[in-house]
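Okay, here's what each chain looks like letter by letter:
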Amino acid sequence: MSVLPKLSPCALAIGLLMAPTAHAQERPPGKAAPLDANGLQQLRQQIDELKRSYDARIQALEAQLQQAQQQLNQQAAAQESTAAAVAAVTAAPADTSSASAGGGNRFNPDVALILSGGYAGLSKSPDTWRLSGFLPSGDEVGPGKRGFSLGESELTLSANIDHLFYGAITLAVSPEDTISAEEAFVQTTALPGGLKLKAGRFYAGLGYLNQQHAHTWDFVDAPLVQQALLGGQFKQEGLQASWVLPLERYVELGLEVGNGHGFPGSERNRNGAGATLLSAHTGGDIGLSHSWRAGVSWLQTRADGREWTSTDLLDDTTSYTNAFSGRSRIWALDGVWKWAPNGNGRVTNFKLQGEYFRRTERGEVAFDTAGANNVDAYNSAQSGWYLQGIYQFMPQWRVGLRHDRLDSGRNDFGSNALNLALPTYNPKRNSVMLDWSPSEYSRWRLQLSDDRVRQGIVDHQIFLQYQMSLGAHGAHSY
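The model shown is predicted, which means the values in this text are computed figures rather than measured ones. The numbering scheme is per chain: residues are counted from 1 as the chain's sequence reads. Only residues with pLDDT of at least 70 are given local features in this predicted model, and only at 80 or more are side-chain atom pairs given and counted; all residues enter the totals for whole chains, interfaces and linings. Hydrogen atoms and water are omitted, and side-chain values are computed over all heavy atoms in the structure.

## Remarks on the overall build of the protein
Within the protein one finds five helices and 17 strands. Counting the 478 residues in the protein, one finds 36% classified as buried. By the convention used here, residues are in contact when the closest approach between their heavy atoms is within 4.5 Å. The contacts in the protein between residues at least 6 apart in sequence include a share of 62% that link residues at least 24 apart. For the area figures, the Shrake-Rupley method with a 1.4 Å probe applies, and any residue is considered shielded solely by the protein chains shown. Total accessible area on the protein is roughly 27,300 Å²; 57% of this is exposed by carbon and sulfur atoms. Where helices and strands are cited, they refer to DSSP runs of H or I of at least four residues and of E of at least two residues respectively, numbered from the N terminus. The cut-offs for exposure are 20% and 50% of the maximum accessible area for each residue type, with area from a 1.4 Å probe on protein chains only; residues under the lower value are buried, those over the upper are exposed, and the others partly exposed.

Structure representation (structure tokens):
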């Protein structure tokens, strides 16, 4: 039904008076029709009749307008009612339990499951694998077991809690059949000025790769520098704040405080923060085809009795437990450059990525804590870096090359050097990979590595890996 504009009766009457009537006869310009008393009376009657007629028509149109408006309102109300009913059915559980009758079950998070596994062929035994020149870091380091194995699978639950907060938890199932919470945090969604807060357990914003889950890596394993200086990945429980500055160029500042229980720190029976992290990143676009990001990070944490086992230099048949207590600081530089023709990377693209870490530690080391417990000063300065390039040469297919290198630097054990001296060796490794992703939910990867981490030993490694994504999974960071 068309809706006409609302006109007043006076306006219509004036228009009618100005228009020629059906009874008027055409006369030359400037000539007026002679009217007597009867003619004037008839003219007045015609005007009154026209006014009454158009008043009635205007009232009828106004009634039609009101009716049309009422129909539109009823249709809108019906649509809103239908949408609310659909939302209620979607959010409600399948049964009609008392909990549902009491208000419904609104818990409907996004669920993502990452299945990972593969095969490892190693020319040297992984039992003797260690980073020569570095204190053992434990945790998730090394090439893993030989043969077929189940990789680390992840189950993530995430959802908006309300209009202010978002929450997520990621549970990791290890090949050893243990389940742990990799991340479990709440995060703000509505703070002004580009500010965001996170609380709980999370991967620290140290460098570039540390914040990313393993299934997003471009290679099967973590770079050597992360394994040597971070024990794989550094995560902690605490608070994280990030602020994207209101500038034309992307600039983000970060601050974290946490318990610092992860390597290179350790658990400490104290109330205060065990680790502090500062970070700054910037980046942008260069034309339509290029983009980049670079940053610097600084981490300070403390260890209290961080243990590791070793053998005596004079007697390699007996193992001793040693411990480090003191301060650990890490500087990290990271950079990423991406290329995609006209910004469209579906067919072909290239990514160049690299990071440099330098760690200094100062404190004291206790040799053979269960026996001699010889305590003396310790300080060290060590570093490492990696550089990798990933090229997607056609849809679904990528090839990559990575070079790792470590610098064992300085290790001063004081009087404990008679028992704990480390070799001045710089581990290195070269890796090449080829992967195929038939869809965004699956990936198959082949990786070959020339591992020279152990002094005097060359380990030729072959890895086959699959990764399958089930359910909704959020977008990854840049």
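## Details of the pattern of salt bridges
One speaks of a salt bridge when a side-chain nitrogen belonging to Lys or Arg is within 4 Å of a carboxyl oxygen belonging to Asp or Glu. Inspection of every chain in the model, using the stated rule, returns 15 salt bridges. With its nearest N and O atoms 2.6 Å apart, the salt bridge here joins E237 to R201. Remark: R201 occurs in strand β6 (residues 195–203) and E237 occurs in strand β7 (residues 235–244); sequence separation between them is 36 residues. Assessed through its relative accessible area of 28%, R201 is described here as partly exposed. Within the structure, one salt-bridge network assembled from shared partners comprises D218, K351, R398, D435, R443 and R445.

## A few points about the packing of aromatic side chains
Stacked, edge-to-face and tilted labels apply to pairs of Phe, Tyr and Trp rings (six-membered ring for Trp) whose centres lie within 6.5 Å, assigned for plane angles under 30 degrees, over 60, and everything in between, in that order. For the structure on display, the rule yields nine aromatic pairs. Judged by centre distance (5.6 Å) and plane angle (75°), the rings of F324 and Y378 are edge-to-face. With F324 in strand β11 (residues 319–339) and Y378 in strand β13 (residues 374–394), the pair connects residues that are 54 residues apart, well separated along the chain. Neither residue differs from the other here; F324 and Y378 are each classed as buried. Ring geometry for Y391 versus F393: centroids 6.5 Å apart, planes at 40°, classification tilted. A connected cluster of aromatic rings, assembled from ring pairs, spans F324, Y378 and F413. To sit over a ring, a charge needs its Lys NZ or Arg CZ within 6 Å of the ring centre and within 35 degrees of the ring normal. When the ring centre of F219 is taken as origin, the NZ or CZ atom of R402, which lies over that ring, is 4.6 Å away.

## Digging into the pairing of strand β15 (residues 428–439)
For two strands to count as paired, DSSP must find a minimum of two bridges between them. Taken together, the nine bridges between strand β14 (residues 397–412) and β15 define a ladder with antiparallel strand orientation. What sits directly across from R402, in β15, is S431. Here 10 bridges tie β15 to strand β16 (residues 442–452), and the two strands are oriented antiparallel to one another. Residue pairing across strands places V432 opposite L448, the latter belonging to β16. Hairpin geometry of β15 and β16 is characterised by an intervening segment of two residues between the two adjacent antiparallel strands.

## As for the environment of R359
Examined against the element boundaries, R359 turns out to sit in strand β12 (residues 349–367). C-alpha separation for the pair R359 and A332, spaced 27 residues apart in sequence, amounts to 8.8 Å. Residues within four places of R359 in sequence aside, it is in contact with A228, L229, F263, P264, S328, R329, I330, S380, A381 and Q382. Here a polar contact is recorded for every N or O atom pair within 3.5 Å, except that within protein the pair must consist of a potential hydrogen donor and a potential acceptor, and residues adjacent in sequence are included only if both atoms are side-chain atoms. Side-chain polar atoms of R359 contact the backbone oxygen of L229, separated by 3.5 Å.

## Overview of the nonpolar core
Grouping buried Ala, Val, Leu, Ile, Met, Phe, Trp, Tyr and Cys residues that are joined through side-chain atoms within 4.5 Å yields what is termed a nonpolar core. In this structure, L131, L206, L299, F357 and L406 are the most contacted members of the largest nonpolar core, which totals 23 residues. Contributions of two or more residues to this core are made by α4 (224–230), β9 (275–286) and β11. At five residues, the largest contribution of residues to this core is made by α4. Core analysis: the next-biggest nonpolar cluster, separate from the first, contains 10 residues, A303, Y378, F413 and L420 among them.

## What to know about unusual backbone geometry
Looking along the chain, the bond that leaves F263 and enters P264 is cis, with omega of 15°. Turning to its location among the elements, P264 is positioned in the loop between β8 (250–258) and β9. Of note in the backbone geometry, N342 takes a positive phi value of approximately 55° without being a glycine. By the secondary structure assignment, N342 is in the loop between β11 and β12. Assessed through its relative accessible area of 61%, N342 is described here as exposed. Although it is not a glycine, D368 adopts a positive phi angle of roughly 55°. Assignment of secondary structure puts D368 in the loop between β12 and β13.

## Points about the environment of T301
Mapped onto the secondary structure, T301 falls in strand β10 (residues 290–311). Sequence separation of T301 and E361 is 60 residues, and the distance between their C-alpha atoms is 9.8 Å. With residues up to four places along the chain from it excluded, the contact list for T301 reads G260, P264, G265, G274, A275, G326, R327 and S328. Side-chain polar atoms of T301 contact the backbone oxygen of G274, separated by 3.1 Å.

## Examining the confidence of the model for the protein
Confidence of the predictor at the level of single residues is given by pLDDT, which spans 0 to 100. Summarising the model, the protein shows a mean pLDDT of 85, and 80% of its residues fall at 70 or more. Mean pLDDT across the elements of the protein bottoms out in helix α3 (residues 98–101) (40) and peaks in β16 (98). In the model, residues 1–32 has pLDDT below 50 throughout and makes 19 contacts with residues more than four positions away in sequence or in other chains. Here residues 84–103 is modelled with pLDDT under 50, and outside its nearest four sequence neighbours on either side it reaches seven contacts, counting other chains as well.

## A closer look at the side chain of T170
In this fold, T170 is placed in strand β4 (residues 165–173). In terms of polar contacts, T170 uses its side chain to reach the side chain of T156, at 3.0 Å. Those residues in contact with T170 that sit more than four places away from it in its chain are E154, L155, T156, S180, A181, E182, E183 and H213.

## Overview of the environment of L352
Tracing the sequence through the fold places L352 in strand β12. Non-local contacts of L352, meaning those with residues more than four positions away in its chain, are made with G335, V336, W337, L387, Q388 and G389.

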